[in-house]
Amino acid sequence: MRCMIGEPVIREARPEDLAEIIGINMISLREHYPEYFWRDHLRLWGKAFLVAELGGRIVGYIMTRVERSIGHFGSLIPRKLGHIVSIAVLPQFRRRGIATKLMEEALKRLKEIYGVKEVYLEVRVSNLPAIKLYEKLGFVKVRRIKYYYLDGEDAWLMAKEV
Ligand code: ACO
Ligand code: ZN
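Notes on the structure follow. These numbers come from a predicted model, not from an experiment.

1. A closer look at the overall build of the protein
Right, so step 1: What the protein contains, in helices and strands, is four helices and seven strands.
Right, so step 2: Listing each helix as α and each strand as β along the protein from the N terminus yields β-α-α-β-β-β-α-β-α-β-β.
Right, so step 3: In summary, the protein has a C-alpha radius of gyration of 15 Å against a globular reference of 15 Å for 162 residues, a match within 12%.
Right, so step 4: Principal axes of the C-alpha set define a box for the protein whose edges measure 45 × 35 × 30 Å.
Right, so step 5: A buried classification covers 46% of the 162 residues belonging to the protein.
Right, so step 6: The long-range fraction of contacts in the protein, counting pairs at least 24 apart against all pairs at least 6 apart in sequence, stands at 64%.
Right, so step 7: Entry remark: accessible area of the protein is about 8900 Å², with carbon and sulfur atoms responsible for 55%.

Now the structure itself:
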């Protein structure tokens, strides 16, 4: 049985959450962004910029945006795509299904509120936990992007129709 810490609440991020969100990003990932980047995503696509809150503390986030292009499933007509820009959960709260909850709620909102037909993301080829998470949610590897990251690592572009 998982230890009893209660269920996280998944809710929309608010401007006053950004410092905590950026803190989680700093310790979890090598991809960091200036504050205005976070703020712009919150302003423009805030219905699908979510946090997981547990006991009054933010323990995870997902930041997304909406784009328009032909996408990755052979469509010839530009369509709305959801882009998962960044997701992370604090190390001590991992493996409790929190990222799954954040992803499921973001996918639902990208589809129902923003009308996207497909969702995609990039992930380091070495990031097996994240790749596993995305595959469990139905994402497939579309192509490998050489030297995608600043340190030279390749990315998998993964996508899912919704
Ligand atoms: N090893 C193997 N599989 C894993 C692991 C792991 N360490 N972590 C998650 N998974 C897989 C498992 O299949 C898991 O299901 P299970 O626990 O029933 O076996 C499934 O993913 C779902 O796990 P969750 O508990 O929902 O995921 P979690 O809340 O732990 O968060 C995350 C996963 C976000 C990848 C977390 O490990 C993290 O914050 N990592 C650092 C940041 C990061 O890599 N973010 C993704 C970068 S790519 C991007 O942002 C677009
Ligand atoms: Zn991206």
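Alright, that's what it looks like, and here's the rest.
2. Quick notes on the site of ligand 1
Right, so step 1: Around ligand 1, the surrounding shell holds 24 residues, and the nearest of these are Arg95, Gly97, Thr100, Asn127 and Lys136.
Right, so step 2: Contacts to ligand 1 include lysine 136, whose side-chain N or O atom sits 2.8 Å from an oxygen atom.
Right, so step 3: For ligand 1, whose accessible area on its own is 970 Å², the fraction buried by protein is 81%.
Right, so step 4: More than half of the atoms of ligand 1 fall within 2 Å of the grid points belonging to the largest pocket.
Right, so step 5: Per-element accounting of the shell around ligand 1 gives the leading share, six residues, to helix H4 (residues 128–136).
Right, so step 6: Among the residues making up the shell around ligand 1, the classes are represented as 12 nonpolar, five polar and seven charged.

The rules behind the values
Residues numbered from 1 in each chain as written. Chains lettered and ligands numbered in written order. Predicted model: local features only at pLDDT ≥ 70, side-chain atom pairs only at ≥ 80, totals over all residues. Heavy atoms only, no water. Helix = DSSP H or I, 4+ residues; strand = E, 2+ residues; numbered from the N terminus. Rg over C-alpha atoms; globule rule 2.2 N^0.38 Å. Buried < 20%, exposed > 50% of the residue type's maximum accessible area, 1.4 Å probe, protein only. Contact = heavy atoms within 4.5 Å. Areas by Shrake-Rupley, 256 points an atom, 1.4 Å probe, with all protein chains shown as cover. Near = heavy atom within 4 Å. Polar contact = N/O pair within 3.5 Å; in protein donor to acceptor, adjacent residues only side chain to side chain. 1 Å grid on protein atoms, 1.4 Å probe; cavity = no way out; pocket = protein on both sides within 12 Å on 5 of 7 lines; lining within 4 Å. Sits in = over half its atoms within 2 Å of the grid points. Nonpolar A, V, L, I, M, F, W, Y, C, P; charged D, E, K, R; others polar.

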